[in-house]
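What follows is the residue order along each chain.
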Amino acid sequence: MVILRMVKLEDNLGRRFEKLRISLLNSCNFSCVYCVAENFQNISTDTLRLSTADRPLTPDEFIRLIEAVHRLTGLKSIRLTGGEPLLYSDLFPLINHIQKIGISDIRLTTNAYYLKEKASKLFDAGIKSINISVDAVDQDIFNSISRHPNTARVFSGIEAAVKTGMDVKLNAVIMRGKNDSQIIPLLEYATELGVRIRFLELMKMGHLYHSENGLFFSEKEILAIIQEKYPIESLPRGHAETANYWRASNGGIFGIIANESTPFCHDCNRLRMDSNGFFYGCLSNAHGEKLSEYIDDDFLLTEKLRGLLRLKQPVKFHGSELSMRNIGG
Ligand code: SAM
Ligand code: SF4
């Protein structure tokens, strides 16, 4: 085995891989309209069983890859996502293994359908920060966006997570004519719970890549709706943050993740791995590298990581055919 110490893996804009997002599996119990196409065949519906053809990596396989990348890049944090990560049956052993390799900042992104039952166990396992997707307070709107008949469970999941004391952030993808009416109700719901909410501009990923569907709702339009009811003040942006934040006069803090209107490629520090072990340097590039083939050769692995870093956009996200369910957002 060829072993190198950590080398300087940095591009000419000073960008490094500091955060790894892992899509644990590409199946989900929801079929959100912005994530999968209408005719998409859902692989797993409200069940923890997965078909063998869709077998995600085992914790050991994930760990070998994370360890190798961590050794070469000095990763600072890991976000577990999916598909729906709470459907990954080895979630808790995996969290435990990641901590053992020296990464304690482990976060999760979930649709919260199974969160009520798992929130305290996640907190005890070391998950101190969680992002929860919630696209509407109105049940009919939320059900129709998620194409799931029972999104009410999401709210008890959110509240269970808040009770544990973990840092909870809500994410809502805003689409014209579908849930733009929900911006104020979502802001008020989050404010009442004492958590931050981020509104996302629709991203042209997967089935949306080649479509002009008229659903796009811009940062400017989101701000205009909020300002009509609450004066707002802008807050400073942190390094490599995806969102810009504001404080509204009702006391709520909200962010907007505006890939189109306010791109944040210039200090992007994210590396992504899908459930089959393919790594991606940028959401706007569908090229994945199967790094397991180079795991025993740090020289080649470093070159592959350097290649992935070069795929980052200089200025602006433009989307790709990568499916969000596969790559994990
Ligand atoms: N199932 C989990 C969930 O929904 O939170 C994790 C995976 S999901 C792919 C991760 C994030 O990607 C969610 O917050 C979701 O709203 C977001 N997402 C999916 N497709 C998107 C799109 N086309 N534009 C913007 N955000 C999208
Ligand atoms: Fe599932 Fe998340 Fe995609 Fe919705 S956004 S279909 S919850 S993976």
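Cut-offs applied
Residues numbered from 1 in each chain as written. Chains lettered and ligands numbered in written order. Predicted model: local features only at pLDDT ≥ 70, side-chain atom pairs only at ≥ 80, totals over all residues. Heavy atoms only, no water. Buried < 20%, exposed > 50% of the residue type's maximum accessible area, 1.4 Å probe, protein only. Helix = DSSP H or I, 4+ residues; strand = E, 2+ residues; numbered from the N terminus. Pairing = 2+ DSSP bridges. Axes fitted to C-alpha atoms, helices over the stretch in contact; angles between N-to-C directions. Parallel < 35°, antiparallel > 145°, perpendicular 65-115°, else oblique. Left-handed = near helix turned anticlockwise from the far one by under 90°. Contact = heavy atoms within 4.5 Å. Nonpolar A, V, L, I, M, F, W, Y, C, P; charged D, E, K, R; others polar. Near = heavy atom within 4 Å. Areas by Shrake-Rupley, 256 points an atom, 1.4 Å probe, with all protein chains shown as cover. Phe/Tyr/Trp six-rings, centres within 6.5 Å; stacked < 30°, edge-to-face > 60°. pLDDT = per-residue confidence, 0-100.

Draft legend 1. Looking closely at the pairing of strand β9 (residues 253-257). Within β9, four of the five residues are buried, which leaves it mostly tucked inside the rest of the structure. Relative to β9, strand β6 (residues 196-201) runs parallel, the two being bridged by four bridges. Counted as the bridge partner of arginine 198 is glycine 255 from β9. The hairpin formed by strand β8 (residues 244-248) and β9 contains four residues between the paired strands, and glycine 251 there has a positive phi angle of roughly 95°.

Draft legend 2. The packing of helix α1 (residues 59-73) against helix α2 (residues 91-100), seen in detail. In contact at an axis separation of 10 Å, α1 and α2 are set at 25° when each is read in the N-to-C sense. The angle between the axes of α1 and α2 places the two elements in the roughly parallel class. Crossing of α1 over α2 shows right-handed handedness. From α1, Pro59, Asp60, Phe62, Ile63 and Ile66 reach across to α2, where they touch Leu94, His97 and Ile98. In terms of residue class, the contact of α1 with α2 is built from six nonpolar, one polar and one charged.

Draft legend 3. Fine view of the site of ligand 1. The immediate surroundings of ligand 1 are formed by 20 residues, with Tyr34, Gly83, Glu84, Ser133 and Met203 found nearest. Protein burial of ligand 1: of its 550 Å² of free accessible surface, 95% is covered by the chains. When residues of the shell around ligand 1 are traced back to their parent elements, those giving at least two are β3 (106-110), β5 (167-174) and β6. Its residues assigned to classes, the shell around ligand 1 comprises eight nonpolar, ten polar and two charged.

Draft legend 4. Representation of the packing of aromatic side chains within the structure. One pass over the full model with this rule turns up seven aromatic pairs. On the basis of an interplanar angle of 75° and a centroid distance of 5.9 Å, the ring pair of phenylalanine 30 and tyrosine 113 is categorised as edge-to-face. Placement of phenylalanine 30 in the loop between β1 (19-23) and α1 and of tyrosine 113 in the loop between β3 and α3 (115-125) is noted, with a sequence separation of 83 residues between them. Of the residues examined, phenylalanine 30 reaches a relative accessible area of 2% and is grouped as buried. Residue classification places tyrosine 113 among the buried residues on the basis of a relative accessible area of 8%.

Draft legend 5. Examining the sheet that holds strand β12 (residues 289-290) more closely. Strand order across the open sheet formed by twelve strands is β7-β8-β9-β6-β5-β4-β3-β2-β1-β10-β11-β12, with mixed pairing between neighbours. Each end of this open sheet is capped by a strand with a single partner; those strands are β7 (232-234) and β12. As paired elements, β3 and strand β4 (residues 129-133) share four bridges and run parallel to each other. Of the residues in β4, the one forming a bridge with arginine 107 is serine 129.

Draft legend 6. A look at the site of ligand 2. Neighbouring residues of ligand 2: Cys28, Phe30, Ser31, Cys32, Tyr34, Cys35, Gly83, Asn111 and Arg325. For the shell around ligand 2, a count of residues per class yields five nonpolar, three polar and one charged.

Draft legend 7. Main features of the confidence of the model for the protein chain. Mean pLDDT for the protein chain: 92, with 93% of residues reaching 70 or above. Confidence drops under pLDDT 50 across residues 43-53; counting only partners more than four residues distant or on other chains, this segment forms 21 contacts.

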